Each structure stands twice: as structure tokens, then as C-alpha cells.
Amino acid sequence: GCVCVCVCVCMLLIVPTSSLWSLTVVHQTLHERHRPPPGKRHAESPTRLVAARKALTAAPFAGRIVWTRALDSERTPQDAVAALKLVHTVEHLRAVQGLSQSGGGGFDMDTYCAPGSWEAMLDGTRAWLHATALAAEARGPAVALSRPAGHHATASVAMGFGLVNFA
């Protein structure tokens, strides 16, 4: 959770100090579908995103945050898959989707896949696509608040808690 908050704070440092700025936080609503197997404790759990959101709503700049849901984005699940195909092999994406849709399991000791992980991951990817589009279109600073983690996976391997690399 702290990493997400630090990303937001770092982004604020480059924002003009005028009273007109705001930060758009694109958050996902399907992240809870990606959860550890029953009875297993894992660092990558829904509480991470809940804690990050709670910290942002309590931050001194909370009144300047514009909250947007990934589900309300113009970016579709198909857009998310198309973007992921730019950095991942089709075989890898099929493996993640297949494991999620067949009841879940593990890719390695650190990286699990739940029955809802595919949908959660697409929702997180949509959040990143929307946030980066807002920033690229100069519509102000934006950040995606999403999970599962999306920065350790390689083009063909889920690892380090991440099923895909969208960060």
C-alpha cells in the first residue's frame, strides 16, 4: 500500500503549486476478485489496495483528488488485452486466463492466480490505460490504483506477485 501512496506523492511534486490542480486516481473495483487461496496468508491481498485508498482519502491533498473507476473508463477489456499483447506472449496471456477460469492455482511460490484474477487483472490494466491516457493528453496528473502487482512479470512468466506487467 505504501508504494502506491508514494507514487501519488511523487507525482504531486511536479504539479504546479496553484490552487487549481487536481490528481486523478483511477481505481479498480474488481481487485477483490484476485485473492489468496482460502486459509493462506499472502502479502499481495485486497487489503493492500484498501490501505492505499484509505491513506489517500486521509492525505492533506485529499480534497484535490478526483476518483474515477476503471470500470467507467472508455478503455474496454478488449483494449486491455490488446495492450497486454504488446508486452506479453499470447501463450502467457492464455495461461493466466486459463488458470483463472479453471479455478485458480499457483505460477510459483509467490504468485497465485484466483478464479477472479483474470477479470481483476483486466480491470487493473484498464486503470493503467486510462491514467496514462489522461496524463498523455495533458489532462492533469493521474495515477492508477490497482492490483495485482504489475511490474515483475516477464513477457512469458508470471512472477513476483504479478500475473502481467502493466506498470
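A short tour of the structure in this document, coming up. (Residues numbered from 1 in each chain as written. Predicted model: local features only at pLDDT ≥ 70, side-chain atom pairs only at ≥ 80, totals over all residues. Heavy atoms only, no water.)

### With respect to the sheet that holds strand β1 (residues 23-27)
Strand-to-strand pairing in sheets goes through backbone hydrogen bonds, with the strands running parallel or antiparallel.
Link 1 in the chain: Strands sit in the order β2-β1-β5 across an open sheet of 3 strands; the sheet is parallel. One side of each edge strand has no neighbouring strand; the edge strands of this open sheet are β2 (65-69) and β5 (142-145). In this sheet, adjacent strand axes meet at a mean angle of 25 degrees when their direction is disregarded.
Link 2 in the chain: In this sheet, β2 lies alongside β1 in parallel orientation, the contact comprising 5 bridges. Paired with L23 across the strands is I65, a residue of β2.
Link 3 in the chain: On the sheet, helix α5 (residues 117-136) packs against β1, β2 and β5 and is oriented at approximately 175 degrees with respect to β5. (Pairing = 2+ DSSP bridges. Helix = DSSP H or I, 4+ residues; strand = E, 2+ residues; numbered from the N terminus. Axes fitted to C-alpha atoms, helices over the stretch in contact; angles between N-to-C directions. Contact = heavy atoms within 4.5 Å.)

### Points about the nonpolar core
Link 1 in the chain: Counting 12 residues, the largest nonpolar core consists of A80, L84, L93, V96, C113, W118, M121, L122, A158, L163, V164 and F166.
Link 2 in the chain: When residues of this core are traced back to their parent elements, those giving at least two are α3 (77-85), α4 (90-101) and α5.
Link 3 in the chain: Looking at this core, the element that brings in the most residues is α5, giving 3 residues.
Link 4 in the chain: Once residues lying within four places of it in the same chain are set aside, the contact partners of M121 are L84, P148, V164 and F166.
Link 5 in the chain: Ranked by size, the runner-up nonpolar core spans 11 residues in total, among them W21, L23, I65 and L145. (Core = buried A, V, L, I, M, F, W, Y, C linked by side-chain atoms within 4.5 Å. Buried < 20%, exposed > 50% of the residue type's maximum accessible area, 1.4 Å probe, protein only.)

### Let's talk about the packing of α4 against α5
Link 1 in the chain: One can describe the packing of α4 onto α5 by two numbers: an axis separation of 7 Å at closest approach and a directional angle of 130 degrees. Taken together, the axes of α4 and α5 are oblique relative to one another. Residues L93, V96, Q97, S100 and Q101 of α4 form the contact with α5, whose participating residues are S117, W118 and E119. (Parallel < 35°, antiparallel > 145°, perpendicular 65-115°, else oblique.)

### Some thoughts on the environment of C113
Link 1 in the chain: Relative to the elements of secondary structure, C113 occurs in strand β4 (residues 112-113).
Link 2 in the chain: Classification of C113 by relative accessible area gives buried; the value is 3%.
Link 3 in the chain: Taking the C-alpha atoms as reference points, C113 and Q101, 12 residues apart in sequence, are found 9.5 Å from one another.
Link 4 in the chain: Sequence-distant contacts of C113, that is, excluding residues within four places in its chain, are made with V96, L99, S100, G104, G105, F107 and L163.

### Thoughts on the packing of α3 against α5
Link 1 in the chain: Packing of α3 against α5 brings their axes to within 9 Å, and their N-to-C directions diverge by 85 degrees. Looking at the two axes, α3 sits roughly perpendicular to α5. Contacts between α3 and α5 involve P77, D79, A80, V81, A83 and L84 from the first element and W118, M121, L122, T125, R126 and L129 from the second.
Link 2 in the chain: In the contact of α3 with α5, the residues fall into 9 nonpolar, 1 polar and 2 charged. (Nonpolar A, V, L, I, M, F, W, Y, C, P; charged D, E, K, R; others polar.)

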